[in-house]
Amino acid sequence: MDHSDPEASQRDAFSQSMEPFYCKSPSTRVLHSLLSSLSALSANSASTLNSVAKRARFNRNCSVYVSPADITFVVAGLVKTSQASVNIQAELFSSYNLPGDEATRGHDFSLDIDVLLTSLSTLGGERDNITCEITYDPESKIFKTALKDRNGAVSETAIQTICDDSSNDDDTYLQTTFMSSQVVSRAIIKSSILKSTFAEIMRVPGSTSVELTMSPHSVTLSTTGDGSALHADLPRSRAIFSSLEANPPTSHARSYSRAYLSDGMRGCDVAFETCVQMNSCGVLAVQHQVLDNEGRPSFVDFILAPLRDEDDEDDAESGGGVGLTLESGEKDDGGDTDEEEGFRRGSGGKRTGRNAFNAGALAAQALLDDDSETEDEGF
């Protein structure tokens, strides 16, 4: 082949880009655990709709973005009040092959999240001795999973995917809204502590909302139900937090749907640490860092709009229970959209929350090194 021929080079690049993507995971359990958090969001969103017809219109599609560095799965709520994503780094797979030209290789498509989870569960999704091979053929648009256990049992599933660019706006709406305003508080919390705290919140009968208050000194979760209430205060302590900061250094409080916030906390089941960020509009970004046996991270992200403040009905930027009124392109004065402080650019041009932990690292170190605050605040 004459590689000096531009048309021949273009045809060769196109041929490579149409070769199937392939990866292999030594543990199906890890994939199943990570992706189960996305299914929780889709099920809860559908259950909040009143009629069967509305439930049928609920979009259960999960957007998938494949890049040389990672695979990202995204599920968006129907009314744009919540969004969840799982980012799995290429290093977590024993094999990872994405053919194509370096500048153009990558895939994005959609599939049914429940069908995907079912395919990962056919031999027992919680078992450790099952390997999983994944392929995606961009020509046939078929996504395949092949499970194999140590006894030689094999289960293969082929899923027909769809390529719908209209879903891209749903995937980026809340991410863009979160980044368009300044982050006013950020905390990196031990996931096990956050899990047990929220379990107590869920035991309050009749509770429908949770007030989250973040300050430089503590994180507080409060809820009121039928004849009972709970107020859980997590004081600033090295045993609880890796980082805790607020800008300005005061209390920042907003209320959120208990059901949706519960979905966002499901990642605590498999996470080591959880980063919670609130912006000036009250939009909440929760990121769970999941480590494998060798300390390599994956990320489960959840973004949630706040409930509308009854005392601030006319504030167009306060968000609401049925969707945000803040335009996605609108910015606060002094808003911070730097990559270090926001979300990194991920697969397919999408944002994921990997740098939420990186952005908090310097702040965490400053807190740990501050001798004067060590005595007063417990660090």
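This text follows the structure it describes.
Residues numbered from 1 in each chain as written. Predicted model: local features only at pLDDT ≥ 70, side-chain atom pairs only at ≥ 80, totals over all residues. Heavy atoms only, no water.

Colleague: Outline the pairing of strand β13 (residues 229-235), listing residues and values.
Modeller: Relative to β13, strand β12 (residues 218-224) runs antiparallel, the two sharing seven bridges. Each bridged residue has a counterpart across the sheet, and for S222 the counterpart in β13 is H231. Remark: four residues form the turn of the hairpin made by β12 and β13, two consecutive strands paired antiparallel; G227 in that turn has positive phi of roughly 80 degrees. (Pairing = 2+ DSSP bridges. Helix = DSSP H or I, 4+ residues; strand = E, 2+ residues; numbered from the N terminus.)

Colleague: Please give an account of the layout of surface pockets that cites residues and values.
Modeller: Estimates place the volume of the largest pocket at around 420 Å³. Listed by contribution, the elements that provide at least two residues to the lining of the largest pocket are α2 (28-47) and β17 (284-291). Looking at which element gives the most residues to the lining of the largest pocket, the answer is α2, with five residues. Of the residues that constitute the lining of the largest pocket, the class distribution is ten nonpolar, five polar and five charged. (1 Å grid on protein atoms, 1.4 Å probe; cavity = no way out; pocket = protein on both sides within 12 Å on 5 of 7 lines; lining within 4 Å. Points joined across faces, edges and corners; volume = space filled by probe spheres on them. Nonpolar A, V, L, I, M, F, W, Y, C, P; charged D, E, K, R; others polar.)

Colleague: Before we move on, can you summarise unusual backbone geometry with the specific residues and values?
Modeller: Omega for the peptide link from N247 to P248 comes to 5 degrees, which places this bond in the cis form. Tracing the chain through its elements places P248 in the loop between β14 (241-246) and β15 (252-257). Phi at K141 takes a positive value of approximately 60 degrees, unusual for a residue other than glycine. Position of K141 among the secondary structure elements: in the loop between β7 (130-137) and β8 (142-149). You can call K141 partly exposed: its relative accessible area is 31%. (Buried < 20%, exposed > 50% of the residue type's maximum accessible area, 1.4 Å probe, protein only.)

Colleague: If you had to explain helix α6 (residues 191-202) to someone new, which residues and values would you point to?
Modeller: Taking 1.5 Å as the rise per residue, α6 with twelve residues should run 16 Å; its terminal C-alpha atoms sit 16 Å apart, in good agreement. Inspection of α6 places S191, L194, T197, F198 and I201 among the buried residues, and these make up the whole buried set. One face of α6 carries all of its buried residues, which in axial projection span an arc of 130 degrees. (Expected span 1.5 Å × (residues − 1). Arc of directions from axis to C-beta.)

Colleague: Tell me about the environment of R236, and please be specific about residues and values.
Modeller: In this structure, R236 sits in the loop between β13 and β14. Assessed through its relative accessible area of 6%, R236 is described here as buried. Between the C-alpha atoms of R236 and P216, which are 20 residues apart in sequence, the distance is 7.7 Å. Engagement of the side chain of R236 in a polar contact is seen with the backbone oxygen of P216, the distance being 3.4 Å. (Polar contact = N/O pair within 3.5 Å; in protein donor to acceptor, adjacent residues only side chain to side chain.)

Colleague: Pulling in residues and values, what's your account of the sheet that holds β8?
Modeller: In spatial order, the strands read β5-β1-β7-β8-β9; together these five strands make up an open sheet with antiparallel pairing. This sheet does not close on itself; its edge strands, each paired only once, are β5 (95-97) and β9 (154-160). Each strand of the sheet is rotated relative to its neighbour by a mean of 15 degrees, with strand direction disregarded. Pairing analysis gives eight bridges linking β7 to β8, with the strands arranged antiparallel. Residue pairing for β8: I134 is matched across the bridge by T145. On top of the sheet, helix α4 (residues 113-121) reaches β7, β8 and β9; it is set at about 25 degrees to β8, its chief contact. (Axes fitted to C-alpha atoms, helices over the stretch in contact; angles between N-to-C directions. Contact = heavy atoms within 4.5 Å.)

Colleague: Pulling in residues and values, what's your account of the sheet that holds strand β2 (residues 61-66)?
Modeller: Judged by pairing direction, the sheet is antiparallel, and its nine strands sit side by side in the order β6-β2-β3-β4-β18-β17-β16-β10-β14 without closing on themselves. The strands lining the two open edges of the sheet, one partner per strand, are β6 (107-112) and β14. The mean angle between the axes of side-by-side strands here comes to 15 degrees, regardless of whether they run parallel or antiparallel. In this sheet, β6 lies alongside β2 in antiparallel orientation, the contact comprising six bridges. Along β6, the bridge assignment pairs S63 with S110. Against the sheet, α4 contacts β2, β3 (70-76) and β6, and its axis sits at roughly 85 degrees relative to β6. Lying over the sheet, α6 contacts β10 (183-190) and β16 (273-279), oriented at roughly 100 degrees with respect to β10.

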